[in-house]
Amino acid sequence: QVQLVESGGGLVQAGGSLRLSCAASGRTFSTYAMGWFRQAPGKEREFVASIRWTGGTTYYADSVKGRFTISRDNAKNTMSLQMNSLKPEDTGVYYCAAGLRWYGMMLRENEYNYWGQGTQVTVSS
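Quick notes on the rules
Residues numbered from 1 in each chain as written. Predicted model: local features only at pLDDT ≥ 70, side-chain atom pairs only at ≥ 80, totals over all residues. Heavy atoms only, no water. Phe/Tyr/Trp six-rings, centres within 6.5 Å; stacked < 30°, edge-to-face > 60°. Helix = DSSP H or I, 4+ residues; strand = E, 2+ residues; numbered from the N terminus. Buried < 20%, exposed > 50% of the residue type's maximum accessible area, 1.4 Å probe, protein only. Lys NZ or Arg CZ within 6 Å of the ring centre and 35° of its normal.

### Observations regarding the packing of aromatic side chains
Following the criterion strictly, the structure yields 5 aromatic pairs and no others. Ring centres 5.7 Å apart and planes at 80° place the aromatic pair Phe37 and Phe47 in the edge-to-face group. Note that Phe37 is positioned in strand β4 (residues 33–39) and Phe47 in strand β5 (residues 46–51), a separation of 10 residues in sequence. Exposure class is identical for Phe37 and Phe47. Each is buried. Connected via pairs of aromatic rings, a cluster forms that spans Phe37, Phe47, Tyr112 and Trp115. When the ring centre of Tyr95 is taken as reference, the NZ or CZ atom of Arg45 above it lies at 4.6 Å. A cation over a ring is seen here: Arg45 above Trp115, with NZ or CZ 4.0 Å from the ring centre.

Shown next as C-alpha cells:
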C-alpha cells in the first residue's frame, strides 16, 4: 500500500509562485510513475504533469507548459510541482498520484493506482 500526502497549497496573487510537495510512503517509491492532477470547481479532474521513475522524462499539459516544473527525489520519497506565473485559471484542488507502471505519458486517471487527498490552490486576480 502507498500513502500520498500533498502540501504547499495556499492563496497567491496572479503572477505569483507556489511549490507543491507530495510525500510518499512505500519502499519502492523510486519505481512508481508519478503525476499531478487538478480539479477546478465544477469541472472534471485534469492532468497537469507526470514524471517517470528516473526523473528524466516529464510531460505537461499544454496549459501549464513553460510555467510548471515537476520533479522528484527518490532518496526522500518526495515529488514536487513548482508553479510559476500562476493564473486564476490554475485555481483548484491539486492531487498527487502514483502508478505502478508507466503507460504512454500517464495522462489518464485510470493509469494511476494511488491518490493523495489533495491540496487547495487559489490564485486571485
